[in-house]
Amino acid sequence: MITKEQILNVLKDVYDPEIGRSIVDLNMVDNINIEGNIVTIDIKLTIKGCPLQNSIKEDVINKVKALEGVKDVVVNMGAMTEEERQKLANSMNQGKVPLFEKTRVIAVGSGKGGVGKSTVSANLAVALGRLGYKVGLIDADVLGFSIPRLLGIVGERPYALDENTILPIEKYGIKVISMGNFADEDTPLIWRGPLLGGVLEQFMNDVYWGNLDYMIIDLPPGTGDVPLTIMQKIPEQKFLLVTTPQASASHVAGRIAYMAQKVNIDLIGIAENMSYFECPDCHKKYNIFGEGETEKLAKELNTDVLVKIPIEIKIREKSDIGLPVAFINDPEATYYMELAKKVSEKVKPIR
Ligand SMILES: Nc1ncnc2c1ncn2[C@@H]1O[C@H](COP(=O)(O)OP(=O)(O)OP(=O)(O)O)[C@@H](O)[C@H]1O
């Protein structure tokens, strides 16, 4: 004779793919009825017509059918009432760990646009994920967001349980949030500074991040209000500077790092991007944007050059199709894996 306890026990291993928690913990199992060897289960989805309902249903059927003595499983899919949803959101928020208590926050910035800061941020986040860490990525370049494109999540909308409980998008083993997932790519956002600050605060406070080891923040380029506000608001954050040899040569690249140091933020080091180009045919190296300038900058800032990432066609090509190279087992991934290892050694997770 099968019991409800046995069924609930196996249902504990059925996860709501969007929330990442067991349907039992989420109070989604409404009713279980056992008649002989036929089990009927009523499931309440957090939202009516949830696009992932079929995968939940399938999982429930497979898990319960595997129990000895069960011949057939009938699953009825319903939805939570507004009140039930609110109750769930409240309970999730209660368990919410303040983001910065157990999470290492790493802001990635550059004094100049177009040096590959977002490419480095996205690949660093994915590489840290591949090292086994729980990683979040906030695209703080609210007006010039490029993270959705880099991670192939253009047009995806985050799922919201209520307006204070937004679930980040999960891709390539990391959790991501970007203004690009709330706005249309082609419509320019014309907002003033204070509003931007509000969006970022929401990204930090109202998004259900769960327990993260690292939060990577892709800052907007330059030394404007937004990077400064982020630097001042989040305690204990660290800073990673992205530059090219050419940008290092100008005073612009380092300015943001000086700004970080002024507000007492530790500089982890410098990721030099577009360091050189190696001819795939003759393997000769060309220092297209110059050489030695980033080392000089590192010395001035009393920090290290952590990695030199060459110009690689594959990095650009894969970025354009939303596949960060750090996620694949290609030689290009090694630069970002090396960077992630050094970053995790210099900024150890709290755990
Ligand atoms: N190492 C690299 N090799 C080849 N292409 C690269 C490399 N790094 C970045 N790119 C390409 O350079 C372009 C600019 O990169 P990215 O958007 O990351 O720069 P950014 O500094 O974040 O720009 P913005 O200032 O606009 O935010 C992209 O097309 C990207 O694919």
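Residues numbered from 1 in each chain as written. Predicted model: local features only at pLDDT ≥ 70, side-chain atom pairs only at ≥ 80, totals over all residues. Heavy atoms only, no water.

**Student:** Just to check I follow, could you spell out the sheet that holds strand β4 (residues 38–45) for this structure?
**Tutor:** Adjacent strands of a sheet form backbone hydrogen bonds with each other and so pair up, either parallel or antiparallel. Pairing is mixed in the open sheet, where 3 strands are placed in the order β3-β4-β5. Among the strands making up the open sheet, the edge pair consists of β3 (29–35) and β5 (72–79). Recorded for the sheet is a direction-independent mean angle of 15 degrees between the axes of neighbouring strands. Pairing of β3 with β4, which is carried by 6 bridges, proceeds in the antiparallel orientation. Bridge pairing in β4 links asparagine 33 to threonine 40. In this fold helix α1 (residues 4–11) packs onto β3 and β4, with an angle of close to 135 degrees to the strand it touches most, β3. Taken strand by strand, helix α2 (residues 53–65) contacts β4 and β5, and its axis lies near 150 degrees from that of β5. (Pairing = 2+ DSSP bridges. Helix = DSSP H or I, 4+ residues; strand = E, 2+ residues; numbered from the N terminus. Axes fitted to C-alpha atoms, helices over the stretch in contact; angles between N-to-C directions. Contact = heavy atoms within 4.5 Å.)

**Student:** Mind showing me how you'd approach α2 here?
**Tutor:** Compared with the 18 Å implied by 1.5 Å per residue over 13 residues, the 18 Å span of α2 between its first and last C-alpha is a close match. For α2, the elements touching its buried residues are α1, β1 (15–16), β4 and β5. (Expected span 1.5 Å × (residues − 1).)

**Student:** Is there a simple way to think about the site of the ligand in this case?
**Tutor:** Not every one of the 18 residues close to the ligand is listed here, only the nearest: Gly114, Gly116, Ser118, Thr119 and Pro310. A distance of 2.5 Å separates an oxygen atom of the ligand from a polar side-chain atom of threonine 119. Residue proline 310 places a main-chain N or O atom 2.9 Å away from a nitrogen atom belonging to the ligand. Bound to the protein, the ligand loses 78% of the 640 Å² it would expose on its own. Among the elements of the structure, α4 (117–130) and α11 (313–320) are those that each provide at least two residues to the shell around the ligand. Looking at side-chain class alone, the shell around the ligand contains 7 nonpolar, 7 polar and 4 charged residues. (Near = heavy atom within 4 Å. Polar contact = N/O pair within 3.5 Å; in protein donor to acceptor, adjacent residues only side chain to side chain. Areas by Shrake-Rupley, 256 points an atom, 1.4 Å probe, with all protein chains shown as cover. Nonpolar A, V, L, I, M, F, W, Y, C, P; charged D, E, K, R; others polar.)

**Student:** What am I meant to see in the pairing of strand β6 (residues 104–109) here?
**Tutor:** The side chains of a regular strand alternate, residue by residue, between the two faces of the sheet. A large share of β6 lies buried, amounting to 5 of its 6 residues. Looking at chain direction, β6 and strand β12 (residues 214–218) are connected through 5 bridges and run parallel. Counterpart to isoleucine 106 in the pairing with β12 is isoleucine 216. As paired strands, β6 and strand β13 (residues 238–243) are joined by 4 bridges and run parallel to one another. (Buried < 20%, exposed > 50% of the residue type's maximum accessible area, 1.4 Å probe, protein only.)

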